[in-house]
Amino acid sequence: MSGDDIDWMLRANAKAKGKRPQYFDDPSLDRMLSMLMALVGEVAVLRERTDTIERLLEKNGSVSRADIESYEPDPEAAFERGAVIREYITRIMRGVQQDLEAMKESEPPVEEVSRELRDN
Amino acid sequence: MKREDIAPPYTAVARHGVFPEPRHDEAARFNFLANLNKYLSGVLGPGNQMAYERRVLPAFRKEHGRDPQDRFEIRAAMNRDAYHRFWSALKRNSMEMRQQNGRSMVLRQLDELDGKARQYNEGRDTLELHPEVTVPRYQAAVDIHCMPGSYHGEERPGDVSAGANYDCGIFATTAGGLGALSDGGGQALVEWVRKERPGWVPRRILDIGVTIGHNAVPLALAFAETEVTAIDTAAPSLRYGHARAQSLGARNIRFVQANAEDLSRWPQGHFDWVQTTMFLHETSGKALPRIISELYRVLAPGGLMLHLEQPQYSESMPLYEQFIRDWDAFNNNEPFWSAMHALDLKEEMVKAGFSRDDLFTTGVTAVVDDAIFPKAKQDGAEDHGRAASWHAYGAWKKAEAPRAAAE
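All values derive from a computational prediction rather than experimental measurement.

Asks: Looking at this structure, I do not really get the overall build of chain A. What am I missing?
Replies: In terms of regular secondary structure, chain A is built from 6 helices and 0 strands. Listing every helix and strand of chain A by position from the N terminus yields α-α-α-α-α-α. For 120 residues, the compact-globule estimate of 2.2 N^0.38 gives 14 Å, and the C-alpha radius of gyration of chain A, at 23 Å, exceeds that figure by more than 25%. Summarising its shape, the C-alpha atoms of chain A cover approximately 70 × 45 × 20 Å along the three principal directions. Within chain A, the fraction of its 120 residues that count as buried is 33%. Sequence separation of at least 24 residues holds for 31% of the intrachain contacts in chain A that already meet a minimum separation of 6. Looking at chain A as shown, the accessible area adds up to about 8400 Å², and 55% of this sits on carbon and sulfur atoms. Taken as two groups, the 18 positive and 26 negative side-chain charges of chain A have centres that lie 5 Å from each other.

Asks: Could you clarify how one ought to interpret the interface of chain A and chain B in this entry?
Replies: Interfaces are often sized by the accessible area lost when the parts come together. Taken together, the 56 residues of chain A in the interface contact 55 residues of chain B. In total, about 5100 Å² of surface goes out of reach between chain A and chain B, with carbon and sulfur atoms giving 62% of it. There are 8 salt bridges connecting chain A and chain B. Between Arg 49 of chain A and Asp 25 of chain B there is a salt bridge, with the nearest N and O atoms lying 2.9 Å from each other. Where chain A touches chain B, the interface holds 19 residue pairs in polar contact (both at pLDDT 80 or more). Only helix 1 (8-12), helix 2 (27-60), helix 3 (65-70), helix 4 (75-92) and helix 5 (94-103) of chain A provide two or more residues apiece to the side of chain A that touches chain B. By residue class, the composition of the side of chain A that touches chain B is 29 nonpolar, 10 polar and 17 charged.

Asks: What exactly am I supposed to notice about the pairing of strand 2 (residues 204-208) of chain B here?
Replies: When a strand is regular, its side chains alternate between the sheet's two faces. Residues and elements named next belong to chain B. Extensive coverage of strand 2 is indicated by the burial of 4 of its 5 residues. Here strand 2 runs beside strand 3 (residues 227-232); their pairing, made up of 5 bridges, is parallel. Looking across to strand 3, one finds that Leu 206 is bridged to Thr 229. What joins strand 2 to strand 3 is helix 9 (residues 217-222), and the crossover it makes is right-handed.

Asks: I keep staring at the nonpolar core and nothing clicks. Help me out?
Replies: One recurring pattern in soluble globular proteins is that nonpolar side chains are buried together. Of all hydrophobic cores here, the largest spans 103 residues; its most connected members are Leu 44 and Trp 273 of chain B. In this structure Leu 44 of chain B touches Met 93, Val 96, Gln 97 and Leu 100 of chain A together with Tyr 39, Tyr 83, Trp 87 and Leu 90 of chain B, once residues within four positions along its chain are discounted. If you look at the next biggest cluster of nonpolar residues, it comprises 31 residues, including Trp 266, Leu 280, Ala 287 and Leu 295 of chain B.

Asks: Would you mind showing me how to read the pattern of salt bridges here?
Replies: Oppositely charged side chains may form a pair once their charged atoms are brought near each other. Residue and element names in this part refer to chain A. All told, the structure shown has 39 salt bridges over all chains when counted by the stated rule. For Arg 81, the salt bridge identified is with Glu 48, shortest N-O distance 3.2 Å. Linking Arg 81 in helix 4 with Glu 48 in helix 2, this pair joins segments that are 33 residues apart in sequence. One exposure class covers both Arg 81 and Glu 48, and it is buried. In this structure, the salt-bridge partner of Arg 49 is Glu 69, at a minimum N-O distance of 3.6 Å.

Asks: Help me understand helix 2 (residues 46-64) of chain B in this model?
Replies: Think of an α-helix as turning once every 3.6 residues; residues three or four places apart then point the same way. The end-to-end C-alpha distance of helix 2 of chain B, which contains 19 residues, comes to 25 Å, matching closely the 27 Å that a straight helix rising 1.5 Å per residue would cover. The largest bend along helix 2 of chain B reaches roughly 45° and is located at Tyr 52 of chain B. Of all the positions in helix 2 of chain B, only Gly 47, Asn 48, Met 50, Ala 51, Tyr 52, Val 56, Leu 57 and Phe 60 of chain B are classed as buried. The secondary structure elements touched by the buried residues of helix 2 of chain B are helix 5 of chain A together with helix 1 (24-44), helix 3 (71-78), helix 4 (82-108) and helix 12 (319-325) of chain B. Among the residues trailing helix 2 of chain B, Gly 65 of chain B stands out with phi positive, at a value near 70°.

Asks: Help me understand the confidence of the model for chain B, please; the structure alone is not making it clear to me.
Replies: Do not read the fine detail of predicted coordinates wherever pLDDT is low. Per-residue confidence for chain B gives a mean pLDDT of 94, with 97% of residues at or over 70. Scored as a whole, the predicted complex attains pTM 0.94, and scored at its interfaces, ipTM 0.96.

Asks: It is not clear to me how unusual backbone geometry should be interpreted in this structure. Could you clarify?
Replies: Glycine aside, negative phi is the norm for most residues, and most peptide bonds take the trans geometry. Residue and element names in this part refer to chain B. Even without being glycine, Ala 175 reaches a positive phi, approximately 50°. Position of Ala 175 relative to the elements: it lies in the loop between helix 7 (161-174) and helix 8 (184-196). Even without glycine at this site, Thr 211 takes up a positive phi of about 50°. Residue placement: Thr 211 occurs in the loop between strand 2 and helix 9. Accessibility expressed as a relative area gives 7% for Thr 211, which makes it buried.

Asks: I keep staring at the sheet that holds strand 7 (residues 359-365) of chain B and nothing clicks. Help me out?
Replies: All names here are of chain B. Spatially, 1-4-3-2-5-6-8-7 is the arrangement adopted by the 8 strands of the open sheet, whose pairing is mixed. Each edge of the open sheet carries a strand with a single partner, namely strand 1 (127-128) and strand 7. Inspection of the sheet shows strand 1 paired to strand 4 (residues 253-257) by 2 bridges, in the parallel sense. The partner of Glu 128 across the bridge, within strand 4, is Val 256. Of the strands in this sheet, strand 6 (299-309), strand 7 and strand 8 (389-396) are in contact with helix 15 (residues 345-352), which crosses strand 8 at around 25°.

Conventions and cut-offs
Residues numbered from 1 in each chain as written. Chains lettered and ligands numbered in written order. Predicted model: local features only at pLDDT ≥ 70, side-chain atom pairs only at ≥ 80, totals over all residues. Heavy atoms only, no water. Helix = DSSP H or I, 4+ residues; strand = E, 2+ residues; numbered from the N terminus. Rg over C-alpha atoms; globule rule 2.2 N^0.38 Å. Buried < 20%, exposed > 50% of the residue type's maximum accessible area, 1.4 Å probe, protein only. Contact = heavy atoms within 4.5 Å. Areas by Shrake-Rupley, 256 points an atom, 1.4 Å probe, with all protein chains shown as cover. Lys, Arg positive; Asp, Glu negative; His and termini not counted. Charge placed at Lys NZ, Arg CZ, Asp CG, Glu CD. Buried area = accessible area lost by both parts, 1.4 Å probe. Salt bridge = Lys/Arg side-chain N within 4 Å of Asp/Glu carboxyl O. Polar contact = N/O pair within 3.5 Å; in protein donor to acceptor, adjacent residues only side chain to side chain. Nonpolar A, V, L, I, M, F, W, Y, C, P; charged D, E, K, R; others polar. Pairing = 2+ DSSP bridges. Right-handed = clockwise from strand over helix to strand, strands pointing away. Core = buried A, V, L, I, M, F, W, Y, C linked by side-chain atoms within 4.5 Å. Expected span 1.5 Å × (residues − 1). Bend = angle between axes of the 7 residues up to and from the residue. pLDDT = per-residue confidence, 0-100. Axes fitted to C-alpha atoms, helices over the stretch in contact; angles between N-to-C directions.

Spelled out as structure tokens, the structure:
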């Protein structure tokens, strides 16, 4: 453990020197996104921990916290776990990915399509 | 999905003698970030160019009646685009999370890390710290890479937190592209020089702006008889870097706290090879020419000067590419990045004393254990500014100085 002289949990969060760019018109959106992404990251961590427990149980029939801490996946397991993270990230980023796809073609509003189908 | 779309696991990162011990969840945080970075650059990154071409550029033309004149005009226009703003916000958060995740892992075990470093550092004359060396403005103006405290910060006097945090998170930022010891750049130098000059053994190498020495150690290990001098202004990074090098068996490397703008403690022609690896962009407009000029002075006739950087912004590089390569300058606290890449480094080397025909440029790609770590691609989608392949700007100093001889 770190010495009592440093509250490492708070110091881990220290701000880097240099004015932070504001990405959204409302600064509270910048804050909300930083909280959301931290949460997104922590869910990935929980998922990976569950996967570790499952793999240890499958192999050993029991599990200890020490086993979890020292677990190292073999290349195949590492790839499977990485693929799970990627799938998870793509699910989270669905809206952004769809924004990207939407840029590829200019689409009329569905109201317009609706009028067209009504009249044809 | 291809195999290379998945980042290697954090457990494959090599743990040398002072590397922070990751807990299960700490490794998992870096696994998440490495894959998030791959996704942000590989999948969502191309959307920036699409936004530029489909709507930002047409709107700019409509408003101004012309095309953007430089990367700054593109940046101003793109910073109003919803897609680019959201992508930038995600990427900025990923950088901030990398720092938070690294620091929380390092600071909770700082006593142990300081203790390990002390074992490797105490009583060794290969670590020379000089507290009178001040941190230059270009290192202190902002915290580079959004690393709280940058390379020189301390949580308490004499600690190694800055170096340990830098070391443990390079994996996440580059999604493993620099290999198990994050030394793919240094290993690439070794591979390059062995092909370029088979059998050449430099007597002395000077590597400047080395931070934790990750790219200097491969040189020291490859040339065991060579005296390697590794300098930086940041004592906390040097303390960590020296301990790290010692634990990896690189004993022929001396870490010296010094500012490369003044190398007067070393005589003219002292080194056979002077090297910077991804350092010059962290200096300043006035410091860079002074550094190159000092390096020229301490370089022996017949010796090699080599600078590894991302490619300079030449006239042939499209303005959009210049703009996207500039992202880190303004969003990841690299304040000299933009101006530095607009310099003609070859011109700077000529001003320092080389003749134009001494100069060469070449491409260098990170050398990694590619059974586990991704091999940098030479083409296709890249994470601009972080790709593990560089341009090398180099020169061999003439064995005899013909101009001087003729005078």
